[in-house]
Amino acid sequence: MSLAESMAAALDPVRFAESLRFEPEPWQSTLLRSQARRGLVLCARQVGKTTTTSVKALHAALFNPGRDVLIVSPTQRQSDEMLHRVSALYKAMSGQPRLKRDNTSEMGLSNGSRVVSLPGSEGGIRGFAGVKLLILDEASRIDDDVFASVLPMVASDGVLLALSTPFGKRGWFYDRHEDALNGWERHKVTVYESAQYTPERIAEVRASLGSFTFASDYECEFGDTDNQLFSTESVRAAFAPGITPLDLEVA
Ligand SMILES: Nc1ncnc2c1ncn2[C@@H]1O[C@H](COP(=O)(O)OP(=O)(O)OP(=O)(O)O)[C@@H](O)[C@H]1O
Ligand SMILES: [Mg+2]
C-alpha cells in the first residue's frame, strides 16, 4: 500500500475494505463508516455481519496503535472463527510487518495493537480495560451478566458494536433495541435488503423453514419466547392509558 493509499484507507474504512478486495454493500458501507460509540446491528442470517465487522476490527487495530479490539460471542469457538477471519485479511495484505503474536485467540500487531477473541462467559473475560472496539457477535445470545461485565471495559473513546439475529423478546439486546431514546445507533438488515439473497434464494429458505423461524432469522422480527404464558401483544393490549395502578399496601 502506498502512503497515499494508506492515508485514504485510514480515513475511510470503505476504501480500506476495497483495498482488501471486499466490495461492501450500502448497509455494510454505512456500518464501516459509522462513528457511533454504540451500535446495534440487527441482521438476517448470512448477510455478511461477521465479515463486515472483521474488516472494521482490522481497521481499528491497524490505525489505532497500541489499542485492544475484543471479539465476544456466545462461545470461544465462534469468537475464534471471527478472529481467524481478521488475521486472514491481515495476512492477505501486502507489505505488512509480521505479526508479533498469532494464535487462535490473539493476534498481536507490530504497532502494539491486539485483537483478542473471548467466550461469552463471565469468568473468561475479566482483565481488559480501555478497549477501542468491542464487538459482540450473535449478541442476542450473550447473557445479560456477560454484557454487564464487558460494558465497563470500553474506553471513553471506544466503540461497542453488537450484531445479531433476534432471539425472542428477552435480554439486553432486545431491551436496547426497543428503547428508542437510549442513544444506540440502530441498523436493520432483513433478507430483502441484502444483496446476498436473490428472490429465488429467499423463496428456497422460506420453503425450508417454519414461519416463526423465517420471521425471526430472516425478517428480523423479535418473536415471543416459548416460556411466555401470554403473548407480548396481549400484555401490551391489557394496559389502558390514563389508569393509574392502585397503591395497595401489602402487609
Ligand atoms: N459485500 C460482500 N461481497 C461478497 N460476499 C459477501 C459480502 N457480504 C457478505 N458476503 C458473503 O456472505 C457470506 C456470509 O457472510 P458472513 O459469515 O459474514 O455472514 P453472517 O451474517 O455473519 O452469517 P451468520 O448468520 O451465519 O453469522 C460469506 O460467504 C461472505 O463472504
Ligand atoms: Mg456471523
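Structure: above.
The notes below deal with the structure included here. (Residues numbered from 1 in each chain as written. Chains lettered and ligands numbered in written order. Predicted model: local features only at pLDDT ≥ 70, side-chain atom pairs only at ≥ 80, totals over all residues. Heavy atoms only, no water.)

Taken N-terminus to C-terminus, the directions of helix 3 (residues 26-33) and helix 4 (residues 49-63) make an angle of 35°; their axes are 10 Å apart at the nearest point. For helix 3 against helix 4, the interelement crossing comes out right-handed. Where helix 3 abuts helix 4, its residues W27, Q28, L31 and L32 lie against K49, T52, V55 and K56. For the contact of helix 3 with helix 4, the residue count by class is 4 nonpolar, 2 polar and 2 charged. (Axes fitted to C-alpha atoms, helices over the stretch in contact; angles between N-to-C directions. Helix = DSSP H or I, 4+ residues; strand = E, 2+ residues; numbered from the N terminus. Left-handed = near helix turned anticlockwise from the far one by under 90°. Contact = heavy atoms within 4.5 Å. Nonpolar A, V, L, I, M, F, W, Y, C, P; charged D, E, K, R; others polar.)

This paragraph deals with the pattern of salt bridges. If you walk through the whole model with that rule in mind, you get 9 salt bridges. Measuring nitrogen to oxygen at the nearest pair gives 2.8 Å for the salt bridge that ties D157 to R67. Here D157, found in strand 7 (residues 154-164), pairs with R67, found in the loop between helix 4 and strand 2 (68-73); they are 90 residues apart in sequence, far enough to count as distant. Given the relative accessible area of 40%, D157 is considered partly exposed. Its salt-bridge partner being D157, residue K132 comes within 3.6 Å of it at the nearest N-O pair. (Salt bridge = Lys/Arg side-chain N within 4 Å of Asp/Glu carboxyl O. Buried < 20%, exposed > 50% of the residue type's maximum accessible area, 1.4 Å probe, protein only.)

Bringing the packing of helix 4 against helix 5 (residues 76-92) into the picture now. Two numbers describe how helix 4 lies on helix 5: the axes approach to 9 Å, and their chain directions differ by 60°. One finds that helix 4 runs oblique with respect to helix 5. Considering how the two elements wind past one another, helix 4 and helix 5 form a crossing that is right-handed. Contact with helix 4, carried on its side by T50, T51, T53, S54, V55, A57, L58 and L62, involves M82, R85, V86, L89 and Y90 of helix 5 and no other residues of that element. In terms of residue class, the contact of helix 4 with helix 5 is made up of 8 nonpolar, 4 polar and 1 charged. (Parallel < 35°, antiparallel > 145°, perpendicular 65-115°, else oblique.)

Another point: the sheet that holds strand 2. As summarised here, the arrangement of the 8 strands in space is 3-4-5-2-6-7-1-8, forming an open sheet in which the pairing is mixed. Looking at which strands have only one partner, the edges of the open sheet turn out to be strand 3 (101-103) and strand 8 (185-189). Within the sheet, the average angular offset between the axes of one strand and its neighbour, ignoring direction, is 15°. In the sheet, strand 2 pairs with strand 6 (residues 131-137) via 4 bridges, with the strands oriented parallel. Bridge pairing in strand 6 places I71 opposite I135. Across the sheet, helix 7 (residues 171-178) lies against strand 1 (38-43), strand 6, strand 7 and strand 8, angled at about 100° from strand 1, the strand it touches most. (Pairing = 2+ DSSP bridges.)

This part is about the packing of aromatic side chains. Taken as a whole and assessed by the stated rule, the structure comprises 8 aromatic pairs. Here the aromatic rings of F147 and W172 are separated by 3.9 Å at their centres, their planes lie at 0°, and the arrangement is stacked. Of the two residues, F147 sits in helix 6 (residues 144-150) while W172 sits in helix 7, which places them 25 residues apart along the sequence. An identical accessibility class is assigned to F147 and W172; each is buried. Residue class for W172 comes out buried when judged on its relative accessible area of 3%. (Phe/Tyr/Trp six-rings, centres within 6.5 Å; stacked < 30°, edge-to-face > 60°.)

Attention shifts here to the pairing of strand 5 (residues 114-119). Of all 6 residues that make up strand 5, 5 are buried, and the element is covered over most of its length. Bridging between strand 2 and strand 5 involves 6 bridges; their strand directions are parallel. Looking at strand 5, one finds that D68 is bridged to R114. With 3 bridges joining them, strand 4 (residues 106-108) and strand 5 adopt antiparallel strand pairing. Bridge pairing in strand 5 links G108 to R114. Connecting strand 4 to the next strand, strand 5, in antiparallel fashion are 5 residues, including G112 with a positive phi near 90°.

Judged by nonpolar contacts, the single largest core of 69 residues is most densely connected at L58, M107, L134, L136, A162 and W172. Setting aside residues no more than four positions away along its own chain, M107 makes contact with L58, L83, V86, S87, Y90, L99, R101, S113, R114 and V115. (Core = buried A, V, L, I, M, F, W, Y, C linked by side-chain atoms within 4.5 Å.)

Neighbouring residues of ligand 1: 13 residues in total, closest R45, Q46, K49, T50 and T51. Within the side chain of E138, one N or O atom sits 3.3 Å away from an oxygen atom of ligand 1. A total of 640 Å² of accessible area belongs to ligand 1 in isolation, and the protein chains cover 72% of it. For the shell around ligand 1, the leading source of residues is helix 4, giving 3 residues. For the shell around ligand 1, the residue count by class is 2 nonpolar, 6 polar and 5 charged. (Near = heavy atom within 4 Å. Polar contact = N/O pair within 3.5 Å; in protein donor to acceptor, adjacent residues only side chain to side chain. Areas by Shrake-Rupley, 256 points an atom, 1.4 Å probe, with all protein chains shown as cover.)

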